[in-house]
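So you can see what is in the structure, the chains are spelled out below.
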Amino acid sequence: MTDLLTSAQMRAIEQAAFDSGEVTGAELMERAGQGVVDAVFEVFPKLQDSRPVALVLCGPGNNGGDGFVIARLLSERGWRTECYLYGDPARLPPDAKANHDRWAGMGTVVPFGDWRFSLRWGYGDAEETPSLIVDALFGTGLTRPLADDLDKALRELDTRFPEGTVRRVAVDAPSGLCMDSGRPIDPDHDGELPSRQDLTISFHRLKRGHVLANGPEWCGQVRVADIGLDQGALRLARERLREDLSDMAALAKPDIYFLRKGGEEYPIAHKYDYGHALVLSGGPGRSGAARLAARAALRVGAGLVSVAAPGTAMAECAAHLTSVMLRRCNGASDLGVLLEDDRLNALCLGPGLGLGAATRDMVVTALGSRRRCVLDADALTSFADQPPTLFAHLHSKVVLTPHTGEFARLFPDIWERLSRQPERGPAYSRIEAAQEAAARAGCTVLLKGPDSVIAEPGGRALVHAASYDRAAPWLATAGSGDVLAGMITGLLARGFWPVRAVESATWMHVEAARSFGPGLIAEDLPEALPGVLSSLGA
Ligand SMILES: NC(=O)C1=CN([C@@H]2O[C@H](COP(=O)(O)OP(=O)(O)OC[C@H]3O[C@@H](n4cnc5c(N)ncnc54)[C@H](O)[C@@H]3O)[C@@H](O)[C@H]2O)[C@@H](O)CC1
Ligand SMILES: [K+]
């Protein structure tokens, strides 16, 4: 269950389910509301014992409809609930209208013009202070910034009940967040939404916006409520929609089957069965990055790993390497000679390699050998003034691993589009940016970040989200990118297809950091890999 949906895909799935006749919009809305209430009390059990006062902010569409269901269900649990409606009740879509009317028979609906938070809420009478505020204003239907008056009212409310004094829960999306990109549609406030949620409940699947860009920051925690779309009719719907769904993005996960070594199918393996990775090193005083990458390649299971270093750095490397072998390489022509050994099947160029023509020449030689190859760091930045020269040599067995700065240098136009403050939704996302870059480069691109995106030309994208329960803040340490490049190279040497190598490596990289915890430095990452591999059953 790792698909990441766009709003359009979610709508298409719902529509197909309606068309099949097995479920109605009203039923889905009821399940959505129930899913929110269940998740709220599961995640915040202490709410059961707190003041049972809730404020539900409903919007003009089906997200608002979910809000009315939630108000009713809370009220049935004994909560004093008040609904605030932003919109005209007469113009609500049918299911939302039905739930509005049902709620209006049970409790109050305060129209937006009468939202007087400053008078009604929070002054004097503590009994009146809500312990839960539900944001059911906008979900997947958000297409433009919140209107000024609404934005202002929400900011007032946020100030009145600061973080920690009340639980804030968003239905499907924090209002104002674009669910296709995770970017606030909020040009007037520099992307600062009115409130940060404690919990966001998505329906059926996570949407892209829950994990991309600023999504995790505004969502708080996320839960996915099952609204029963997986059964019966949906299978049929999926078949009908196969074309639309084939490019659905997914969350990255490790490839356990291929990570295993040996086993029944291959009981006795030779080290050359797992490849020989070659990592190029920079000169004296700069070989640490390559050595880190090489150790990671070996730990992730490459059969053999060599570092190729300039003559001047041989002594330094020799003093630090044991199981990793060492070869002399003074530039592109030496590399060409080394690559006459066709057992060297995966190359890593970039970490600590140095900027300039010598690096460019080695990259061109490496790419000309048609080996599986990871290009990182200096191997990318050396082409900052001439990205097309690099693109002309790339091929399908190459992986580029830029962080955002390197990405911006190689793909300045794509980066510009991604950095522009969005004024409309759906906004351009990191998934689209990585896909466009992969298509241009003709190889797999890993756009690194807490929301790493992996894209191959013409393929569907994968997202590795180091957020929520997989956050790994200690990974922001010097050399951790070198280790990742080495891990990918090691898996390429083992025979992984590029996109699968990157998918497994990004996941295990974060897992290694999480298993080590505070105080992590890059050297610890390769050493944590055995534990990660065994926890996966590899
Ligand atoms: N379609 C369904 O059957 C289901 C939908 N569900 C809910 O429905 C939501 C999607 O509903 P909708 O498509 O009605 O969309 P929303 O309720 O998110 O938005 C409502 C409408 O507001 C308008 N709008 C967009 N941005 C605006 C802005 N800044 N200011 C004012 N108006 C704006 C748009 O025209 C949009 O159609 C989901 O997020 C989910 O909460 C759930 O009930 C599950 C089932
Ligand atoms: K919402």
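A quick note: this is a predicted structure, and the numbers were derived from the prediction, not measured.

Brief notes about the overall build of the chain
Along its length, the chain carries 23 helices and 19 strands. Here the chain has a C-alpha radius of gyration of 26 Å; the compact-globule value for 538 residues is 24 Å, and the two agree. With the C-alpha coordinates of the chain rotated into their principal frame, the extents come out at 80 × 45 × 40 Å. Buried residues in the chain amount to 52% of all 538 residues.

Digging into the nonpolar core
The biggest cluster of nonpolar side chains holds 167 residues, and the ones touching the most others in it are Val279, Ala293, Ala297, Leu349, Val463 and Ile488. Sorting elements by how many residues they give to this core places helix 22 (residues 498-516) first, with nine residues. The residues that make up this core include at least three from each of domain 1 (3-248) and domain 2 (252-262 + 270-535). Setting aside residues no more than four positions away along its own chain, Val463 makes contact with Leu4, Val211, Leu212, Ala249, Leu251, Ala252, Ile431, Asp451 and Val453.

Some words on the environment of Thr159
Looking at the element boundaries, Thr159 is found in helix 6 (residues 148-160). Measuring from C-alpha to C-alpha, the distance between Thr159 and Ser195 comes to 9.1 Å, with 36 residues separating the pair along the chain.

Points about the site of ligand 1
Around ligand 1, the structure places 28 residues, and the nearest of them are Gly61, Asn62, Asn63, Gly139 and Gly141. Elements supplying a minimum of two residues to the shell around ligand 1: helix 2 (25-43) and helix 3 (62-76). Of all the elements, helix 3 adds the most residues to the shell around ligand 1, at five residues. Counted by class, the shell around ligand 1 contains 13 nonpolar, 11 polar and four charged residues.

Comments concerning the confidence of the model for the chain
Across the chain, pLDDT averages 92, with 93% of residues at or above 70. For this predicted complex, the interface confidence reaches an ipTM of 0.98, while the overall pTM sits at 0.95.

So, helix 12 (residues 288-299)
Under the 1.5 Å per step criterion, the end-to-end length of helix 12 is 16 Å for 12 residues, consistent within 8% with the ideal 16 Å. Most of helix 12 sits inside the fold, with 12 of its 12 residues counted as buried. Within helix 12 the residues assigned to the buried category are Gly288, Ala289, Ala290, Arg291, Leu292, Ala293, Ala294, Arg295, Ala296, Ala297, Leu298 and Arg299. Contact partners of the buried residues in helix 12: strand 11 (276-280), strand 12 (304-309), helix 13 (314-320), strand 14 (344-349), helix 21 (480-493) and helix 23 (524-535). Gly301 sits one or two positions beyond helix 12 and adopts a positive phi of about 115 degrees.

Regarding the sheet that holds strand 6 (residues 167-171)
Ordered by their spatial adjacency, seven strands build an open sheet running 4-3-2-5-6-7-9, and the pairing between neighbours is parallel. Two strands lie at the open edges of the sheet, namely strand 4 (109-111) and strand 9 (221-225), each paired on one side alone. Neighbour to neighbour, the strand axes of the sheet diverge by 20 degrees on average, direction disregarded. Taken together, the five bridges between strand 2 (residues 53-58) and strand 5 (residues 132-136) define a ladder with parallel strand orientation. Looking at strand 5, one finds that Ala54 is bridged to Leu132. Its contacts with the sheet place helix 3 against strand 2, strand 3 (80-85), strand 5 and strand 6, and it is angled at close to 165 degrees to strand 2.

Considering the domain arrangement of the chain
One can read the domain layout of the chain as domain 1 (3-248) and domain 2 (252-262 + 270-535). Here domain 1 and domain 2 have C-alpha centroids that lie 40 Å from each other. The partner domain 2 presents 17 residues to the 24 residues of domain 1 that form the contact. Looking at the side of domain 1 that touches domain 2, the elements that each hand over two or more residues are helix 7 (208-211) and strand 9. Split into classes, the residues belonging to the side of domain 1 that touches domain 2 amount to 12 nonpolar, seven polar and five charged.

Some details on the pairing of strand 15 (residues 372-375)
Here strand 15 shows no split at all, with Arg372 and Val374 on one side and Cys373 and Leu375 on the other all buried. Where strand 14 meets strand 15, four bridges bridge the pair, whose relative direction is parallel. Its bridge partner lying in strand 15, Leu347 is registered against Cys373. For the segment spanning strand 14, helix 15 (residues 357-368) and strand 15, crossover handedness is right-handed. Note: strand 15 against strand 16 (residues 398-400), three bridges, orientation parallel. Bridge pairing in strand 16 places Val374 opposite Val399.

Thoughts on the sheet that holds strand 11
Overall, mixed pairing links the 12 strands, which are arranged 8-1-10-19-18-17-16-15-14-11-12-13 in an open sheet. Looking at strand neighbours, the two that pair on one side only are strand 8 (206-207) and strand 13 (325-328), the edges of this open sheet.

A few points about the packing of helix 2 against helix 4 (residues 94-104)
For the pair helix 2 and helix 4, the least separation of the axes is 9 Å and the interaxial angle reads 60 degrees. One way to sum up the angle between helix 2 and helix 4 is to call them oblique. For the pair helix 2 and helix 4, the sense of crossing is right-handed. Residue-level contacts link Gly25, Ala26 and Met29 of helix 2 to Asp95, Ala98 and Asn99 of helix 4. A breakdown of the residues in the contact of helix 2 with helix 4 according to their chemical character gives three nonpolar, two polar and one charged.

Looking at helix 6
In a regular helix each residue adds 1.5 Å, so 13 residues correspond to 18 Å; helix 6 covers 18 Å between its end C-alpha atoms and thus fits that length. For helix 6, every residue scored as buried is listed here: Leu150, Ala153, Leu154 and Leu157. Summarising the axial view, the buried residues of helix 6 lie within an arc of 95 degrees, below the 170-degree limit, and thus occupy one face. The exposed set on the far side of helix 6, more than 90 degrees from its buried face, consists of Asp148 and Lys152.

Details of the environment of Arg208
Turning to its location among the elements, Arg208 is positioned in helix 7. As for Arg208 and Asp3, which are separated by 205 residues in sequence, their C-alpha atoms are 8.9 Å apart. Beyond its immediate stretch of four places on either side in the chain, Arg208 contacts Leu4, Leu5, Thr6, Met179, Asp180, Ser181, Gly182, Ala249, Ser429 and Ile431.

Quick word on unusual backbone geometry
Looking along the chain, the bond that leaves Gly425 and enters Pro426 is cis, with omega of -10 degrees. Tracing the chain through its elements places Pro426 in the loop between helix 19 (412-419) and helix 20 (430-441). Residue His204 is not a glycine yet carries a positive backbone phi of 70 degrees. Structurally, His204 can be placed in the loop between strand 7 (199-203) and strand 8.

Criteria and thresholds
- Residues numbered from 1 in each chain as written.
- Chains lettered and ligands numbered in written order.
- Predicted model: local features only at pLDDT ≥ 70, side-chain atom pairs only at ≥ 80, totals over all residues.
- Helix = DSSP H or I, 4+ residues; strand = E, 2+ residues; numbered from the N terminus.
- Rg over C-alpha atoms; globule rule 2.2 N^0.38 Å.
- Buried ≥ 20, exposed ≤ 12 C-beta atoms within 10 Å, placed from the backbone.
- Core = buried A, V, L, I, M, F, W, Y, C linked by C-beta atoms within 7 Å.
- Domains from an automatic or database assignment.
- Contact = placed C-beta atoms within 7 Å.
- Near = placed C-beta within 6 Å.
- Nonpolar A, V, L, I, M, F, W, Y, C, P; charged D, E, K, R; others polar.
- pLDDT = per-residue confidence, 0-100.
- Expected span 1.5 Å × (residues − 1).
- Pairing = 2+ DSSP bridges.
- Axes fitted to C-alpha atoms, helices over the stretch in contact; angles between N-to-C directions.
- Right-handed = clockwise from strand over helix to strand, strands pointing away.
- Parallel < 35°, antiparallel > 145°, perpendicular 65-115°, else oblique.
- Left-handed = near helix turned anticlockwise from the far one by under 90°.
- Arc of directions from axis to C-beta.

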